[in-house]
Amino acid sequence: MAVNAVHLESDAFLVCMNHALSTEKEEVMGLCIGEFRCIACDAFCLSTNMSSIFTLYIIPLNTCHRLAEMTGRPMRVVGWYHSHPHITVWPSHVDVRTQAMYQMMDQGFVGLIFSCFIEDKNTKTGRVLYTCFQSVQAQKGSEYERIEIPVHVVPHETIGKVCLESAVELPKILCQEEQDAYRRIHRYIMTLSEMGKGVQGLKSLKTTALELSVSQICLFYSANVSTLELCLAHLDPITKIHNGSVFTKNLCSQMSAISGPLLQWLEDKVEQNKQNIAELQLEKERLILELTDLD
Amino acid sequence: MAASISGYTFSSLCYHSANSNSDHEGFLLGEVRQEETFSISDSQISSTEFLQVLEIHNHEPCSQLFSFYDYAGKVNEENLKRILKERRKNVIGWYRFRRNTQEQMSFREQIIHKQLTHILGVPDLVFLLFSFISTANNSTHALEYVLFRPNRKYNQRVSLTIPNLGNTSQQEYKVSSVPNTSWNYAMVIKEQGAEFFDKDGVMKDIRTIFQVYNALQDKVQAVCGEVEQSERLKETFQEEVNKLKKQIALRKSEKEEERRLSQVPEEHKNTYLAYNSRVVCPGNAAEEYSLENQDTSETPPPYSEVIPLDSTADSQETSTAYLPRPQAVGSSNYAPPSLGAAKFSGNGDGSSTDSSQGTSGNDDEDSSEYENLANEPSESSDSEFSQLAEGRPASLRPDGDSRNSQASRI
């Protein structure tokens, strides 16, 4: 069942844009939460780790429940979005195949792509594009092809609570990814089947990309019998200082590029809203007087 | 000159523009500073250049068009002062969002710009122009933006960058140390390097920066809570204002009805009442009728009232597939004026001017005024954007090819 159209509420659109414009070096992705008529009421930012998409599919359930409580309508994950920095807005064949996989779980699932950081050097014109699509089996062969779905950004004068929470979730996700990367560097995980090779297995580590020497690895068994954890305690202080500095540098970069501007925008929004509320209060008083005069 | 705008400010601009049923404009707040750059070349030992850097920190959206100028483009200083208040000193430019227009300043915008330059006392005031275009089936949309420096004779267009995280990959981490058998090296780095680590062997800087990050995130959460509260309060006030406006409109129409009844002779009253009951439809139609006849300074009804969210699935499928887009020229889904455009712009002709100042009817060169007239045949085919002028982007075709008639596109 192809979707006729997608309504993307403007506050969810805001969250998607914030996320897409957060980095020009990598594609980011997230999920869209809404109702079966494909109204995306919220955008949920996901980790940039594309391989974990299926695991993270269940995480927005809390957001779905909260949105359902607030709106009084059943909410669920209705689509996914990702960014195409510096490249065309059209989905790649991988994107089309990924979309087809999602549609196997849910025929109404839609895909959104935001193309950003594009500039025509001659005319100094920047562009941000977005498109909506689904996948359909090609007539010939087993490949999939894209079908276009109309998408409309529906005005929403105020930013919903769930969208605001999604927006401030991004720095947390980035920090978590950085911590995971730092911890991953200091651990090397192998499956027990690989360790079953015994000493031979250990010696074979010499030929891996990591180029570890057997004598520098200390082994210990974790509580989980199916995995074995190797601790790289061999790094010299200079390397540890280097890695710590990389972590510090990356976190500083996140704070200055994401958290700082986010905080600035939030503070400006508070000021703007104060002004709007004052104007609305005056308007309300004026209208009450007018209504009283009419009566 | 280099210019930058944060992703959050840019997204906020897009958000306000998306919420607007017509053109949208506002002011850009920020600062201009000079950066000194050094370069070394074969001909010179050192070469110093001064680069002007314009940073857009925030924007001040105008609630409606013509809020600080009139149809002739004359700027009203009092209104300008009222809109900007103490932010006036931070103004570095202004912006305009239009749909389906050329990436050039209109004549009125040029006139306004000259006056703003003089009134605000900013010699190099900039103008940021947004143009929004869509494919005929509304599946793909493009927002184009150009930053102008109209007060300069040359190099009037400036590149606008959006600073971002850049490379988030963690490839800079080292998984192994460089092999070194020098015992002096090992001794020195162990003794001196110990300063960097705490008693648990964790680098002190990591803990410190993490504390800074946590403190910042706590602040972000706290201010987010304030934003959320203010958004809900704004929502409440907006609903009350809308409700009052409806009540006033209803009361006015009732009074008008009473006045007409009192003027009609007794023997014709029954006929008059029967006629009016056929003209005035039940439900919201009475409000729509009164809304269309009331003072044009009233804001149009919310978008949600136009889309019948409680309608049946069948009618919903039809209406959502062909959602009226009052400003999408060339769109096959363009709605007839009686359905959508009249409600949004008040002009009844689908034009994008704000209805608060009455109908435009101007034939000036402001492309937004006559760009979006109803039933205007589009110059382009249904399957591509119109190629309006030099420097226009490539047309987007529904089959996915971004064919480019100019060499410099994507």
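Remember, predicted model here, so these are calculated numbers, not experimental data. (Residues numbered from 1 in each chain as written. Chains lettered and ligands numbered in written order. Predicted model: local features only at pLDDT ≥ 70, side-chain atom pairs only at ≥ 80, totals over all residues. Heavy atoms only, no water.)

## Quick look at the packing of aromatic side chains
For the structure on display, the rule yields 21 aromatic pairs over all chains. Judged by centre distance (6.2 Å) and plane angle (25 degrees), the rings of Trp265 of chain A and Tyr8 of chain B are stacked. One end of the pair, Trp265 of chain A, is in helix α8 (residues 237-294); the other, Tyr8 of chain B, is in helix α1 (residues 7-19), on a second chain. Taken as a pair, Trp265 of chain A and Tyr8 of chain B share a single burial class, namely buried. (Phe/Tyr/Trp six-rings, centres within 6.5 Å; stacked < 30°, edge-to-face > 60°. Helix = DSSP H or I, 4+ residues; strand = E, 2+ residues; numbered from the N terminus. Buried < 20%, exposed > 50% of the residue type's maximum accessible area, 1.4 Å probe, protein only.)

## Here's the deal with the interface of chain B and chain A
Residue-level contacts link 113 residues of chain B with 117 residues of chain A. Carbon and sulfur atoms supply 62% of the area that chain B and chain A bury against each other, a total of about 10800 Å² over both sides. Of all residues in chain B, Tyr8, Leu165 and Tyr173 of chain B bury the most surface against chain A, accounting for 9% of the area lost on that side. The interface formed by chain B and chain A includes six salt bridges. Here Lys269 of chain A and Glu231 of chain B are joined by a salt bridge, their closest N and O atoms 3.9 Å apart. There are 43 residue pairs in polar contact (both at pLDDT 80 or more) connecting chain B and chain A. Secondary structure elements with two or more residues in the side of chain B that touches chain A: α1, β3 (47-61), β6 (140-148), β7 (157-158), α4 (183-193), α5 (204-263) and α9 (313-321) of chain B. Across the side of chain B that touches chain A, the residue classes tally to 49 nonpolar, 36 polar and 28 charged. (Contact = heavy atoms within 4.5 Å. Buried area = accessible area lost by both parts, 1.4 Å probe. Salt bridge = Lys/Arg side-chain N within 4 Å of Asp/Glu carboxyl O. Polar contact = N/O pair within 3.5 Å; in protein donor to acceptor, adjacent residues only side chain to side chain. Nonpolar A, V, L, I, M, F, W, Y, C, P; charged D, E, K, R; others polar.)

## Observations concerning the pattern of salt bridges
The tally for this structure, following the rule as stated, stands at 29 salt bridges over all chains. For Glu290 of chain A, the salt bridge goes to Arg286 of chain A, with nearest N and O atoms at 3.3 Å. Here Glu290 of chain A and its partner Arg286 of chain A are both found in helix α8, four residues apart, which amounts to about one turn of the helix. When its relative accessible area of 42% is taken as the criterion, Arg286 of chain A is described as partly exposed. In this structure, the salt-bridge partner of Arg251 of chain B is Glu254 of chain B, at a minimum N-O distance of 3.1 Å. Of this pair, Arg251 of chain B and Glu254 of chain B both sit in helix α5, three residues apart, which is roughly one turn of the helix. Under the relative-accessibility criterion, Glu254 of chain B is labelled partly exposed at 38%. Here the salt bridges do not stand alone but share partners, grouping Glu283, Arg286 and Glu290 of chain A together with Lys245 and Lys252 of chain B into one network.

## Here's the deal with the UniProt feature "coiled-coil region" (unreviewed entry) in chain A
The UniProt record marks residues 263-290 of chain A with the feature "coiled-coil region" (unreviewed entry), using the residue numbering of this structure. Annotation note: span residues 263-290 of chain A, helix share 100%, strand share 0%, distance between end C-alpha atoms 40 Å. (UniProt positions renumbered as here; feature names shortened; annotations may be inferred.)

## Observations regarding the packing of α8 of chain A against α4 of chain B
Relative orientation of the contacting elements α8 of chain A and α4 of chain B amounts to 45 degrees, with a least axis distance of 9 Å. By the angle between their axes, α8 of chain A is oblique relative to α4 of chain B. Packed against α8 of chain A, whose contacting residues are Pro237, Ile238 and Ile241 of chain A, the element α4 of chain B presents Tyr185, Ile189, Lys190 and Gly193 of chain B at the interface. Here the contact of α8 of chain A with α4 of chain B is composed, by residue class, of five nonpolar, one polar and one charged. (Axes fitted to C-alpha atoms, helices over the stretch in contact; angles between N-to-C directions. Parallel < 35°, antiparallel > 145°, perpendicular 65-115°, else oblique.)

## Here we look at unusual backbone geometry
Residues other than glycine predominantly adopt negative phi, and peptide bonds predominantly adopt the trans conformation. Its identity is not glycine, yet Phe117 of chain A carries a phi of approximately 55 degrees, on the positive side. Located in the positive-phi region is Asn100 of chain B, a residue other than glycine, with phi close to 55 degrees. Tracing the backbone through its elements, the reader meets Asn100 of chain B in the loop between β4 (91-99) and α3 (107-120).

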